[in-house]
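Survey of secondary and tertiary structure
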Amino acid sequence: MYEGEWNEVTHKRDGKGSQIWADGSLYEGYWRNDKANGRGRLIHADGDVYEGEWKDDKAHGFGKYMHTDGAQYEGYWKEDKQHGKGKETWPDGAQYEGDYIEGKKDGFGNFRWADGSTYSGQFSDNNIHGEGVYIWADQRKYEGEW
């Protein structure tokens, strides 16, 4: 069910409005040419929430995704995938801040695990890969190629 502004000529959602789907998901925000475009918030049926910029029904630009378990990502998106600079945090206190490419950690980043261990350096395809510094919770340190 949609409630909001329409384009009277094309009979498509256009402007500010809300859409509720059969599964209970709710989008509130801006529409253009019958698709989510501009600022908006999607509350998924499972309770996860994305709030930020949209382009043609996909998270695109800056936004924040919050999982019901407390994990979250705040940063840039491209076609529904983390892309660019971002920060991801988990309920156990772990966090990553750095570069993403098409939904994966890729490029330079800093990761801190819940036990206090840290890694600062290169990532590729979601893994530590390349030059970096790993410091274990007991302060042992490795600096070099991974």
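One can find the structure itself at the top, above this paragraph.
Residues numbered from 1 in each chain as written. Predicted model: local features only at pLDDT ≥ 70, side-chain atom pairs only at ≥ 80, totals over all residues. Heavy atoms only, no water.

Right, let's talk about the overall build of the protein chain for a bit. On a plain count of helices and strands, the protein chain comes out with 0 helices and 13 strands. In sequence order, the secondary structure elements of the protein chain are arranged as β-β-β-β-β-β-β-β-β-β-β-β-β. In terms of overall size, the protein chain is more extended than a compact globule, its C-alpha atoms giving a radius of gyration of 19 Å where 146 residues would be expected to give roughly 15 Å. Taken along its principal axes, the extent of the C-alpha atoms in the protein chain is 65 × 25 × 20 Å. For the protein chain, the proportion of its 146 residues judged to be buried stands at 34%. As displayed, the protein chain offers around 8800 Å² of accessible surface, 48% of which is attributable to carbon and sulfur atoms. (Helix = DSSP H or I, 4+ residues; strand = E, 2+ residues; numbered from the N terminus. Rg over C-alpha atoms; globule rule 2.2 N^0.38 Å. Buried < 20%, exposed > 50% of the residue type's maximum accessible area, 1.4 Å probe, protein only. Areas by Shrake-Rupley, 256 points an atom, 1.4 Å probe, with all protein chains shown as cover.)

Tracing the sequence through the fold places Ile135 in strand S12 (residues 127–135). For Ile135, a relative accessible area of 25% gives the class partly exposed. Considering only alpha carbons, one finds Ile135 and Arg112, 23 residues apart in sequence, at a separation of 9.6 Å. When sequence neighbours within four positions are dropped, the list of residues in contact with Ile135 reads Gly116, Ser117, Thr118, Arg140 and Lys141. (Contact = heavy atoms within 4.5 Å.)

Turning our eyes to something else, we now look at a negative patch on the surface. Residues Asp56, Asp57, Glu79, Asp80 and Glu102 make up a contiguous surface patch of negative charge. Structurally, Asp80 is set in the loop between strand S7 (72–78) and strand S8 (81–89). (Patch = residues over 30% accessible without salt bridge, like charges linked within 9 Å, V, L, I, M, F, W, Y side chains within 5 Å. Salt bridge = Lys/Arg side-chain N within 4 Å of Asp/Glu carboxyl O. Lys, Arg positive; Asp, Glu negative; His and termini not counted. Charge placed at Lys NZ, Arg CZ, Asp CG, Glu CD.)

With a probe scaled to a water molecule rolled over the atoms, the places where space remains empty come into view. The space that makes up the largest pocket amounts to roughly 180 Å³. Every residue lining the largest pocket is counted, 15 residues in all, and those nearest its centre are Leu42, His44, Trp54, Asp57 and Asp80. (1 Å grid on protein atoms, 1.4 Å probe; cavity = no way out; pocket = protein on both sides within 12 Å on 5 of 7 lines; lining within 4 Å. Points joined across faces, edges and corners; volume = space filled by probe spheres on them.)

What follows deals with the pairing of strand S5 (residues 49–55). Pairing of strand S4 (residues 35–43) with S5 involves 6 bridges; the strand directions are antiparallel. In the sheet register, Arg41 faces S5, and the bridge partner there is Glu51. Joining the antiparallel neighbours S4 and S5 is a turn of 5 residues, in which Gly47 adopts a positive phi near 100 degrees. Sheet topology places S5 next to strand S6 (residues 58–66); 6 bridges connect them, and they run antiparallel. Bridge pairing in S6 places Val49 opposite Met66. Linking two consecutive strands that pair antiparallel, namely S5 and S6, is a turn of 2 residues; a positive phi of about 50 degrees is found at Asp56 within it. (Pairing = 2+ DSSP bridges.)

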